[in-house]
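Letter by letter, the chains look like this.
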Amino acid sequence: MTAAAINVVGLSKWFGDFLALDDIALTVPRGCSTVLCGPSGSGKSTLLRCLNGLESWEEGEVVMSGRPVGHRPRDLVALRRRVGMVFQDFNLFPHLDALSNVALPPRVNLGLARAEAEAEAEMLLAQVGLADFARKYPAQLSGGQKQRVAIARALAMQPEVLLFDEPTSALDPESIGEVLDVMISLADAGRTMVVVTHEMGFARRVCHEVVFMCAGRVAECCPPERFFAEPETERARAFLAQVQY
Amino acid sequence: MTLSTIPSRLPPEASRTGISSGLRGMASESPVSLILWLALALGAAWILPGLVSWALLDATWVAEDRSGCDPSGACWAFIVNRLPQFGFGFFPPQERWRAAVALAWPVVALAIALGPAFRGRSGLVAGALAAYPVGATLVLWGEPLGLPGVGTAQWGGMTMTVYVGTVAFVLAFPVGLVLALGRRSSLPALRVLSTVFIEVWRGLPLIAVLFISVVMVPFLLPPGTELPRLALALVGITLYTSSYLAEVFRGGLQSLGKGQAEAAAALGFTYWTAQGYILIPQAIRAVIPGILNTVVALFKDTTYVLVVGLFDFLNIVNAAVADPHWLGLANEGYIFVGIVYWSFCFLLSRVSARIEWDMARGAAREART
Ligand SMILES: Nc1ncnc2c1ncn2[C@@H]1O[C@H](COP(=O)(O)OP(=O)(O)OP(=O)(O)O)[C@@H](O)[C@H]1O
Ligand SMILES: [Mg+2]
């Protein structure tokens, strides 16, 4: 159990001729949260999507909980059952109500019985503050409610690692608070999380490490106190000035 | 939650629908629309009286042959006399109940789809349709069930039309889905194969498809195997329909954002479980009108089975019109054909509207808490 939850070594990825990720190294210990930030187009989403195999890469290695991530479909399915992901635009299943959105994945992918999966789903919806919304369809939920259902859905698979790709970027300020509260409670409960976000307050409050990306490279990687107090690179200083007013 | 403490308020009267608001709507319509209404009313006043007296007032309903009919009105006696044949083809009279079962089966399923909602309704309708190809074939043929055997040459009329249409649709549905998935596959060989298959069958007229399946397919079978022409025709119509359905389904799959497939993958769904639980259900919902459109076209196209010597509803009426005892009754015959085909297609379009309405309601069920 000594292996880090996530260990990325020498990861490089090209889109055609464009080098999107350039020799990335990243380690996330078990139970720690890491915030990925950086300017638009710097490769944050791409890196995150490599961690659960939604993107393939050309060079380097991604090791999740001691197991290297391969490219065989069967291995990827097994990996994704251990790694949850929350998207910027929610991607709830619109033909299912909130309860089924949360209960279906463990029923189909973990073989849980219907009653068991639904009881678990109700508990998770209560945990994200949506106990009364179980029978609502995604079209009837606000953005913040949708994103909290999406978090409950990711949790239903009992993942070892949670990935968030700008989970609050599509939300209004009030909803941002609702979603961040849920994420903070997850981090406090000792979840291993990688969060792409521009919410620097969240980074300050919960994360163990900030990774600042720029042009496909990891430009800085340090604890939040140091990153916010004395960023090493000029680029990071400019970025911080941008996102904090 | 706090939301439920807000007192519930109904929308203002005007937004509720109903007959009274419909009438009020007419009074406030524009002059153009009033003129159109007037033109419609005048047209009806001009055509209706003659039509009613011919079709109803002066019509003869019971007669032995043409000479027993009042020449100034419609001779519906012809239709009444031939009704069993129009309905059941050449089925032996004492076995006609079996043809009636095969005829009523899909109609009842559609009626349930239109009826009041109850738990498991869609499952019941889908199950009834899925069981039809085997079930109806057994009931009509009869021998495996211990009933007197009735050969396919004796099947016909409306039973044939409904049987061919329903069987071809039910079989083409899964084939079309697989073809649509194949055409979107990431495996080039599968993609090319599906595309060629779809384009070949879609590019041929149905008559040609029927000739190919009845004339050519027997050459491909081991010598000595004899399949009824109906079975060969069904293979052709099924493949033809599946290529149309495949394109409808592909449109539905295309309309789903990339996010749905990614979300499913990220949750550990495999290709097939993602398709089955997430993508195909949404795709089918998105293309219900297109599917029903294909079914209506299929239903009307079944009449081409004539070219392989089978007598569906239209063809059997056609033959009856030439009967020397009932000469000169083409009007009555084709009006009847028109009414029956139109009723079926109208039923189908109501089902389509109902499914869409059900889904819209399910998706937006009372946003108020
Ligand atoms: N499928 C793709 N094909 C080609 N180029 C891509 C693709 N996806 C991303 N890129 C490019 O890779 C680079 C990194 O993209 P990525 O989405 O990872 O950026 P990001 O840091 O998440 O940006 P943002 O903050 O705007 O979300 C961008 O320049 C983008 O244009
Ligand atoms: Mg991004």
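Refer to the structure presented above.
The structure displayed is predicted, hence computed values, not measured ones.

Q: Before we move on, can you summarise the environment of A:Val9 with the specific residues and values?
A: Residue and element names in this part refer to chain A. Its location among the elements puts Val-9 in strand S1 (residues 6-15). Classification of Val-9 as partly exposed rests on a relative accessible area of 44%. In sequence terms Val-9 and Glu-55 are 46 residues apart; their C-alpha atoms lie 16 Å from each other. With near-sequence residues (within four places) excluded, Val-9 lies in contact with Ile-24, Gly-60 and Glu-61.

Q: Tell me about the pattern of salt bridges, and please be specific about residues and values.
A: Evaluation of the coordinates by the stated rule reveals 19 salt bridges over all chains. Its salt-bridge partner being A:Lys13, residue A:Glu55 comes within 3.9 Å of it at the nearest N-O pair. Placement of the pair is A:Glu55 in the loop between helix H1 (44-51) and strand S4 (59-64) and A:Lys13 in strand S1, with a sequence separation of 42 residues. In terms of burial, A:Glu55 and A:Lys13 fall into one category: buried. The salt bridge involving B:Arg250 is made with B:Glu247; its shortest N-O contact spans 2.9 Å. Within this pair, B:Arg250 and its partner B:Glu247 are both found in helix H10 (residues 229-255), separated by three residues, close to a single helical turn. Relative accessible area serves as the criterion here: at 21%, B:Arg250 is assigned to the partly exposed category. Owing to a relative accessible area of 18%, B:Glu247 belongs among the buried residues under this scheme.

Q: Describe in detail the interface of chain A and chain B, supporting the description with residues and values.
A: One frequent convention defines the size of an interface as the accessible area lost when the parts assemble. Chain A puts 28 residues into the contact, and the matching count from chain B is 28 residues. Carbon and sulfur atoms supply 60% of the area buried between chain A and chain B, which totals about 2,300 Å² over both sides. Ranking the residues of chain A by area buried against chain B places A:Phe93, A:His95 and A:Gln140 at the top, with a combined share of 24%. Taken together, chain A and chain B are joined by one salt bridge. Here A:Arg49 makes a salt bridge to B:Glu262, at a shortest N to O gap of 2.7 Å. Of all the elements in the fold, those that place two or more residues in the side of chain A that touches chain B are helix H2 (73-80), strand S6 (83-86), helix H3 (98-109) and helix H5 (143-156) of chain A.

Reading guide: rules and limits
- Residues numbered from 1 in each chain as written.
- Chains lettered and ligands numbered in written order.
- Predicted model: local features only at pLDDT ≥ 70, side-chain atom pairs only at ≥ 80, totals over all residues.
- Heavy atoms only, no water.
- Helix = DSSP H or I, 4+ residues; strand = E, 2+ residues; numbered from the N terminus.
- Buried < 20%, exposed > 50% of the residue type's maximum accessible area, 1.4 Å probe, protein only.
- Contact = heavy atoms within 4.5 Å.
- Salt bridge = Lys/Arg side-chain N within 4 Å of Asp/Glu carboxyl O.
- Buried area = accessible area lost by both parts, 1.4 Å probe.

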